[in-house]
Amino acid sequence: SSSSSSSQAKQQSNVIEEVWTLIDKYYIDRTFNNQEWSTIQSKYTSRLTSSNSNSISMNIKDNINNNNNEEEEAMKLTTQMVQSLGDKYSRILDKEAYTKIQKFDLIGVGATLMPDPITKRIKVGAPPVDGSEAQKGGILYGDYVTAVNGVETQGRTAFQIIDQINDDPNLDTITFTVLTENENQNESNSKRSNGSGSGSSDSSGYGEGYKRDVIMKRQQMIVKNPITYKLSERRTDGTNVGYIRISEFNSLVESKLQEAITNLKNDGANAYVLDMRSNPGGAFQSAVEIASLFMEDKVATTVVDSNKVEMAFKTSKGKVMMEESIPIVLWIDENSASAAEVFAGALHDQCRATIMGTHSFGKGLIQAVYGLKNGGGLVLTVAKYVTPNGTDIQGSGIQPNLETTLPFLYLPQFSSDTSKVDFGFMLGQQQQQQQMCAPPSSSS
């Protein structure tokens, strides 16, 4: 019928509108690749309308095919709209790709948590992944999560909640205390009744909203240990070199690095080489956390968003594992990227380490993944990393103190050869740059 066709067309144009709005609100480049962004939505919607008007459905079967074609056309036009930004990191995901990218999320239940932009309360920021524990438990997009494993979420960030969960990496289940506010109450409850997950209901406070505990099994990705280490040298001058390779920044990096440092200290290590060559990055909060093992209460990086709002991320207090007098040399190369560059920039700019190797990759942009109402997703560049001294990592990367050829990485017996590292010279380099060190952060 004509009414269902127009409703379908409206639904497809909604995808364009939904993505346009997210880009308009959060995209880092406010020139939108030198486009008049306010005119872009109508440009692509009119193309969709024109395409739809050219297709005439003759019967029910044709109509179904036509609807599928319209959905494909809408996603194709939405993809073109995102591509017009000229950003290789921003892209549209179809349903299959979105499910895949969310399959092993940081929480492990298929739900994305983010703060409400106005109230800052933690909510489910995207439709739960198809087939995930969150979906089976009846959790919906827009639900508020008031507690995780019994700990209130009020006043906490999504990062802090993820850290709380990852404190016990062997956790098999997670309990969300979920609140659905009165809007669409009956509709929401009917949708939930279809859920086959392990959610248990608690209708206390029903007058103000539907609140209950949802218990979910955690699906965990197999995370490999990113740390290898050895005492590489005992020099005649008394320098004992601890070599530590950090291959990526994942949920195990902090605990495994602590273990490596403890064991190397017990072996008498009093100088360290941290090898981050070909480290593609990973979770940026892991980079900040492991920087806390080397310096206390210092700015590790500043995140700058699309509105030029700057948020400084500081290292923790009380976690430092070695005295400031112990020299640290970082090894980087052209494949050290993202969180690896954040970590290297933090220790370098705070005069806690010197850097050897070659210029790093220069990946300093941060992407967010947004779930779309049609089950697809949008990966969008929303912010960038800046080092404590103000170096914009994107494009420029991290410059070593000493540009040099390092031992071949992929032959284990050679990769940890630290014999060419002159700690005296590197310490001199560090002292020379003292006046360039990031200013002390104000206590908060």
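Refer to the preceding data block for the structure.
A brief report on the enclosed structure follows. (Residues numbered from 1 in each chain as written. Predicted model: local features only at pLDDT ≥ 70, side-chain atom pairs only at ≥ 80, totals over all residues. Heavy atoms only, no water.)

To continue, consider a nonpolar patch on the surface. Together, Phe408, Tyr410, Leu411 and Phe414 line one region of the surface with nonpolar side chains, adding up to about 450 Å² of accessible area. Of the residues examined, Tyr410 reaches a relative accessible area of 57% and is grouped as exposed. (Patch = residues over 30% accessible without salt bridge, like charges linked within 9 Å, V, L, I, M, F, W, Y side chains within 5 Å. Areas by Shrake-Rupley, 256 points an atom, 1.4 Å probe, with all protein chains shown as cover. Salt bridge = Lys/Arg side-chain N within 4 Å of Asp/Glu carboxyl O. Buried < 20%, exposed > 50% of the residue type's maximum accessible area, 1.4 Å probe, protein only.)

As enumerated under the stated definition, the model contains twelve salt bridges in all. The salt bridge partner of Arg245 is Asp275, with a shortest N-O separation of 3.8 Å. Taken together, the positions of Arg245 in strand E9 (residues 240–246) and Asp275 in strand E10 (residues 271–275) put the pair 30 residues apart, joining distant regions of the chain. Of the two residues, Arg245 and Asp275, both sit in the buried class. Among the salt bridges present, the one from Glu254 reaches Lys319, with a minimum N-O distance of 2.5 Å. Here Lys319 lies in the loop between strand E12 (310–314) and strand E13 (328–332) and Glu254 lies in helix H8 (residues 253–266), a separation of 65 residues in the sequence. (Helix = DSSP H or I, 4+ residues; strand = E, 2+ residues; numbered from the N terminus.)

With respect to the helices and strands, Ser132 occurs in the loop between strand E3 (122–124) and helix H5 (133–136). Given a relative accessible area of 4%, Ser132 falls into the buried group. With residues near it in sequence (within four places) discarded, Ser132 still touches Val109 and Gly110. (Contact = heavy atoms within 4.5 Å.)

Next up on the list: the packing of aromatic side chains. Applying the stated criterion across every chain, the model contains nine aromatic pairs. Aromatic side chains Phe284 and Tyr385 sit 5.3 Å apart centroid to centroid with 40 degrees between the ring planes, which places their arrangement in the tilted category. Note that Phe284 is positioned in helix H9 (residues 284–291) and Tyr385 in strand E16 (residues 377–386), a separation of 101 residues in sequence. Side by side, Phe284 and Tyr385 carry an identical accessibility label, which is buried. The ring centre of Tyr89 lies 4.6 Å from the NZ or CZ of Lys363, which sits over that ring. (Phe/Tyr/Trp six-rings, centres within 6.5 Å; stacked < 30°, edge-to-face > 60°. Lys NZ or Arg CZ within 6 Å of the ring centre and 35° of its normal.)

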